[in-house]
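One letter stands for each residue in the lines below.
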Amino acid sequence: MPQAVFNKPFTQQEPIPADAIDEAVKVLQSGRLHRYNTLPGEFGETAEWEREYAAYQGSKFCLATASGGTAMQIALRASGVQAGDQVLTNAFTLAPVPGAISAVGAEPVFVEANDNLTIDLDDLAAKLASTGAKTLMLSHMRGHIAPMEKLCALLEQHGAQMIEDCAHTMGAKWNGTKSGNFGLAACFSTQTYKHINSGEGGLLTSDDPDLMAKASILSGSYMLYEKHLARPDMDAHAEARLDMPNCSSRMDNLRAAILRPQLKLLDQNIERWNHRYQVMEQSLQTIPGLTIPVRPQQEFYVGSSFQFLVPNWDDDACRQFLAACLERGVELKWFGDANPVGFTSRFDSWRYAQNQSLDQTILVLKRIMDMRIPLSFSVEDCQQIGQIIADEFSKKQSDMNTSS
Ligand SMILES: Cc1ncc(COP(=O)(O)O)c(C=O)c1O
């Protein structure tokens, strides 16, 4: 019998919803794309978007930015990180995270990952103590959330602050608290592959008036921050308006107009993602040798991507498995490759950061297979993908057993 082949692209999103397109057209017809291009007494799309996202997130303040990466840079700088400071972050994350730390002149210090793909709290404790670093940029990488009570207690014990990178956890929760509401500030991305899509875009949320006043000026608000709807009091800006440089990282009204209707669909899309995730999980959870990261009961995740771990195969075996899946239309990403490919790169390829040895993370990365779950895939598609991975994994596993 010929083998089933999956034939949809892994990179295609659903279209932008029709009402979002209508709103975008209105902005285009007005010609007023710049967020501060408003008439007296009027607030722009971007200001309204910030107000709506702050309400969804349950945060006091919100600032929209040009990207998730710029939101992180602004958050770091507004939180007081200075050039030369060490900033702790996950070794398992994507390049914009250490990139943001480096962009403010700070030094990324990587913390080991564990098999659940979250930050290793023992290594975090050790590095808080050994480096004296006072900032953690916590990346909820691929939507996996670490035990937040324990993590926050550790930070408190060391007097360290936290900025959350929620690029993969918009809408997710830990023990009923939204991801992003555990630290001083949180950063989100609205880039195409994330939970809402404006091509590029970011958000910064916080309850801290001083940080947010600084962030507004850093984002490039000039002296126009009065036109923001999710900002601290005007008085909070008194010093920041003179102290902070303008780093031109604003969001524009066109993107905000596209995002506002999408936020209304987010919770229902999370259910759709989780349904697909759970179908994949069911297809793979009984396959001997294949490990699916544990999703703790406190975690309300958004299954917009799926990861599993292969055994300690060598690099060639991993590549052969990837090639066999690809041959059947299933495009997996492998975090173990020493050579950066596409969006995927390993911490030891970021040569601007100091060389650090993280043996545990290397072992984890070499085992991680990863795929995004675009909502353009149906539940049946996910069943078929799960079946193909299960077949190819079992074949490879039996090859490995016979050759050993
Ligand atoms: C984990 C993580 N954090 C942050 C970002 C930054 O987002 P952006 O692309 O909007 O700068 C990304 C983007 O892919 C990401 O994957």
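Throughout this document, residue positions are counted from 1 along each chain, in the order its sequence is written. Residues qualify for local features only when their pLDDT is at least 70, as the model is predicted, and side-chain atom pairs are given and counted only at 80 or more; totals for whole chains, interfaces and linings, by contrast, use all residues. Only heavy atoms go into the side-chain values, all of them from the structure, while hydrogens and water stay out.

Draft legend 1. Spatial organisation of the sheet that holds strand 9 (residues 202-206). The seven strands are arranged 1-9-8-5-4-2-3 in an open sheet whose pairing can be described as mixed. The open sheet terminates on both sides in strands that have one partner only, identified here as strand 1 (61-65) and strand 3 (107-111). Going from strand to strand, the sheet's axes swing by 20° on average, the running direction of each strand aside. Only when DSSP finds a minimum of two bridges between them are two strands counted as paired. Segments assigned H or I by DSSP are reported as helices when at least four residues long, segments assigned E as strands when at least two residues long, and all are numbered from the N terminus. Two elements, strand 1 and strand 9, share five bridges in a ladder whose sense is antiparallel. Paired with Leu 63 across the strands is Leu 204, a residue of strand 9. Across the sheet, helix 6 (residues 148-157) touches strand 4 (135-139) and strand 5 (161-165), and the angle it forms with strand 5 is around 140°. Should any heavy atoms of two residues lie within 4.5 Å, those residues are counted as being in contact. Axis definition: a line fit to C-alpha positions, over the contact stretch in the case of helices; interaxial angles, taken between N-to-C directions, run 0 to 180 degrees. With respect to the sheet, helix 7 (residues 209-219) is in contact with strand 1, strand 8 (185-189) and strand 9, its orientation differing from that of strand 1 by roughly 20°.

Draft legend 2. Region of interest: the environment of Glu 107. Here Glu 107 is to be found in strand 3. Categorising residues by exposure relies on relative accessible area from a 1.4 Å probe, with only protein chains included: less than 20% of the type maximum marks a residue as buried, more than 50% marks it as exposed, and the intermediate range marks it as partly exposed. Residue class for Glu 107 comes out partly exposed when judged on its relative accessible area of 24%. Between the C-alpha atom of Glu 107 and that of Tyr 352, which follows or precedes it by 245 residues, the distance is 9.0 Å. Among all residues touching Glu 107, those that are not within four sequence positions of it are Asp 85, Gln 86, Val 87, Ile 101 and Gln 354.

Draft legend 3. Quick peek at the site of the ligand. Gly 68, Gly 69, His 168, Ser 189 and Lys 194 are the nearest of the 16 residues found near the ligand. The separation between an oxygen atom of the ligand and a polar side-chain atom of Ser 189 is 2.7 Å. Nitrogen and oxygen atoms within 3.5 Å of one another constitute a polar contact, given that in protein one can donate a hydrogen and the other can accept it, and given that sequence-neighbouring residues count only through two side-chain atoms. One of the side-chain N or O atoms of Lys 194 is found 2.7 Å from an oxygen atom in the ligand. Computed by Shrake-Rupley with a 1.4 Å probe, the accessible areas treat only the displayed protein chains as cover when residues are assessed. Considering the ligand on its own, with 390 Å² of exposed area, one finds that the protein chains cover 91% of that surface. Proximity is defined per residue: if any heavy atom of the residue lies within 4 Å of a molecule or strand, that residue is considered near it.

Draft legend 4. Broad picture of the pairing of strand 3. Within strand 3, four of the five residues are buried, which leaves the element mostly enclosed by the surrounding structure. Of the strand pairs in this sheet, strand 2 (residues 86-90) and strand 3 are connected by five bridges, and their pairing is parallel. Bridge assignment links Val 87 to a residue of strand 3, and that residue is Pro 108. Crossovers are marked right-handed if the path from the first strand over the helix to the second runs clockwise, as seen with the strands pointing away from the viewer. For the crossover from strand 2 across helix 4 (residues 96-103) to strand 3, the handedness is right-handed.

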